[in-house]
Each structure stands twice: as structure tokens, then as C-alpha cells.
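Letter by letter, the chains look like this.
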Amino acid sequence: MKAVTLGSDGVEIKELAEPKPSQSQVLVKVKSCGLNRSDLLETQGQSFGHTGGDTKIIGGEFAGEVVELGEGVTEFKLGDRVSVEIHAGCGRCEMCRKGWYTSCLNYGFASKGHKANGFTTDGAFAEYMTNRTQTLVHVPDEMSDEEATLAVTAGTSMYTLDVMGGLFAGQTMVVTGPGPIGLCAVGVASALGAEVVLTGTRDNRLEIGKKLGASHVVNVKKQNPVDFVKELTEGIGAHYVLECSGAANAINDASAMIRRGGKIGLAAFPSKPVEVDIANLVRNNAYIYATRGEGKSACHRAMALMAQKRFDAKLIHTHTFPMKDLQTGLKYTCLLYTSPSPRDS
């Protein structure tokens, strides 16, 4: 099979042996694989702890078709369309037993069963890939492969909101940074019944946010987002701020936007350490949650919302490239991402 590999010679398309599914695995024919800034950073030399040797296959979020079943697989059949979660925990540590497999205590140790597609283990920029059944999400017939690929992105937002943060209908929610994670968070939070404020620097991204359900949008170059949120909430502040920008002052802004006892979710990777006003967080009895990906079967819940047309994830998809044009895709990705965070602003 053909696969995009990253090694000492850079990014190449190589001919590799087709993998075979083992017990409780399926072989998936890859139909669509997301290309985002994490992939870009890997090609530029940033390591995410790959444990599979000198050469790796990149690509994390993907959708495809089941073409072969491993021993004991009864939950799926040949021809099933699936979206695939990035993370498969070891299944035996304390965190995995709770369903928090993105916090697996054996993270990065493939020998102990942990797997993170395209990061610590081989990914999906390939014609075929094997995955465990617990990472697979059924895709409705009417949904495109490109949209199905975004179930993992939406699942990351879902996990941060419903499991970690406990967002409830009727609450005021602020999303800072209209990148893929942030825009999916707008769609998910709106579908869950929140009043959503989206902040960012690019009007075109903010317009997409409106279409995904944001009740209010704030261009931070033109308007102070803290003042806006305070005025909207009559001085009390938002229930929850989900930080997806990675901007240097984002956490302090979030701290200023929440009400006493409010919650802050962190879903971005700032490019360098940032200074945080801890005293303000303490004074306001703030709760902080950080996530590095999907968990607790959140992709299934996100897929349900997408299948019910509660938000249109297709709006987040920008371009489609064949495998042979990956370098062109990387150039477009570099142009699309201008913030210091893999999660985008």
C-alpha cells in the first residue's frame, strides 16, 4: 500500500506492506484523513513521542470503510463506514478503566497497549490502517467521508464540555479562538442549549461560527471581549470559557470573563510558557479543565449530533487533496494557521 511517511529524509510517499488486523481489530480502507497544524508541526520537526522506529506514518483523524475483520469482531461488518478516534488507551490503567483514555497512564508505551494514531504510533495517511473496535464510530450513509473525519475534532470539544466541564442548557459559554476545535465547540455547545459567544481575530471564521450556532461573535481587534461578556451577563460573567486560541493572555482573559465559581476549559497548546494571574483564579473560585483530545466515547455523542444535523461540521472543511499532493496540502495548512497554537485562533 502507499503511505505518507516522516523520517530522516522528510515527508515521502512510500510503498509499504498492508497491515493485517489482529484480535479485536479491523482493517479500514482510508477514505479521508484530516490535515491540521499538529501534522504540520510534525513535518517541521516537533515530536509527539513516536515509539514505532525511525520512520512513521503521519495523520490522526480519519474515516473509511471496514474491509477485513480480525478474530472475534462481531460489532462491525464488512462495508461498514467508520470514523476512528485517535486514542486507544492501554485499557488496564486507572484512567482507562474510567474511560479517560486520553489520560492513559501508559501514554506513549505501545508495548503496553497505548496507541495514538499519527502521534505515538503510525497514523492514517495511508491506504489502509488497522484499529481496535473500541475506537470506531459508525458513520451514517448520508454523511460524507470528509464530514465524518471531523467527528474526532467535534468529539474533543464534546469531551471538554459535557464530561470535564459539565455544560448545561441555558448557560453562557464563551469560545476563544475559531479554529477547528473552537468552531466544533460552538456547534456542540449550541446543540447542547448554551448561549454561545465566539471570539477571534478573523471575520470569516467568526461568520462560520454564526452559522454553527454562535449567538454572539466578537472580533478582539475591534472590541474588548471581556467588556462584551460582562455587559452581556449584566456584570456577572460567563458560566464557562473554552480557550482554543493559545494566545499569551488567553487564560487571564478567560479568568476575567467567568463568573465566580465559573469554569475554564483549556484545549490549546501555547507555543511557550505563559504568565497567569493565579490570584484572580483563586479569588473567583475558578475551576480549570485541560484536555488533549477525545475521551469517554465523546466521538459517539458528537457523531449523533452531526447525524441529527444539530450543527453543520462541513462548514469547517476547507480543502481536499489526493495523497500525491500532500505537500500542496501542507502549504495550505501553513497559510490557514497563523496563531501560535496547534488548536488555532
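All values derive from a computational prediction rather than experimental measurement. Residue numbers restart at each chain and count upward from 1, following the sequence in its written direction. Local features in this predicted model are restricted to residues of pLDDT 70 or higher, and side-chain atom pairs are both shown and tallied only at a pLDDT of 80 or more, whereas totals for entire chains, interfaces and linings draw on every residue. Hydrogens and water molecules were not included; the side-chain quantities draw on all heavy atoms of the structure.

Considering the packing of aromatic side chains
Here is step 1 of the chain: The criterion for an aromatic pair is that two Phe, Tyr or Trp rings (for Trp, the six-membered ring) have centres within 6.5 Å, with stacked assigned to planes under 30 degrees apart, edge-to-face to planes over 60 apart and tilted to the rest. A full pass over the atoms with the stated rule returns zero aromatic pairs.
Here is step 2 of the chain: Over a ring means this: the NZ of a Lys or the CZ of an Arg is within 6 Å of the ring centre and within 35 degrees of the ring normal. Stacked on the ring of Trp100, the Lys or Arg Lys98 has its end atom at 4.5 Å from the ring centre.

Looking at the packing of helix α7 (residues 225-232) against helix α8 (residues 250-257)
Here is step 1 of the chain: Axis definition: a line fit to C-alpha positions, over the contact stretch in the case of helices; interaxial angles, taken between N-to-C directions, run 0 to 180 degrees. Here a strand is any run of E in DSSP of at least two residues, a helix any run of H or I of at least four, and the numbering for each starts at the N terminus. The N-to-C vectors of α7 and α8 enclose an angle of 20 degrees; their axes lie 9 Å apart at closest approach. It follows from the interaxial angle that α7 and α8 lie roughly parallel. The hand of the α7/α8 crossing is right-handed. Taking contact as the criterion, the partners of Pro225, Val226, Val229 and Lys230 in α7 are, on α8, Asp253, Ala256 and Met257.
Here is step 2 of the chain: By residue class, the composition of the contact of α7 with α8 is five nonpolar, no polar and two charged. An angle counts as roughly parallel when it lies under 35 degrees, as roughly antiparallel when it exceeds 145, as roughly perpendicular when it falls between 65 and 115, and as oblique in every other case. If you view the pair so one helix is near and one far, a crossing is left-handed when the near helix is turned anticlockwise from the far one by less than a right angle, and right-handed when it is turned clockwise. Whether two residues are in contact is decided by their heavy atoms, any of which lying within 4.5 Å being enough. Three categories are distinguished: nonpolar for Ala, Val, Leu, Ile, Met, Phe, Trp, Tyr, Cys and Pro, charged for Asp, Glu, Lys and Arg, and polar for the others, with Gly belonging to the last.

Looking at the pairing of strand β1 (residues 2-7)
Here is step 1 of the chain: By the bridge criterion, six bridges tie β1 to strand β2 (residues 10-15) in an arrangement that is antiparallel. Residue pairing across strands places Thr5 opposite Glu12, the latter belonging to β2.
Here is step 2 of the chain: Strand direction decides the pairing type here: β1 and strand β4 (residues 56-57), joined by two bridges, are antiparallel. Paired with Thr5 across the bridge in β4 is Ile57. The criterion for strand pairing is that DSSP finds at least two bridges linking the strands in question.

Here we look at the pattern of salt bridges
Here is step 1 of the chain: Whenever a carboxyl oxygen of Asp or Glu lies within 4 Å of a side-chain nitrogen of Lys or Arg, that contact is scored as a salt bridge. Scanning the entire structure with this criterion turns up 11 salt bridges.
Here is step 2 of the chain: Among the ionic pairs, Glu12 bridges to Lys14, the shortest N-O distance being 3.7 Å.
Here is step 3 of the chain: Exposure categories follow from relative accessible area, calculated using a 1.4 Å probe and restricted to protein chains: below 20% of the type maximum is buried, above 50% is exposed, and the middle band is partly exposed. Accessibility expressed as a relative area gives 29% for Glu12, which makes it partly exposed.

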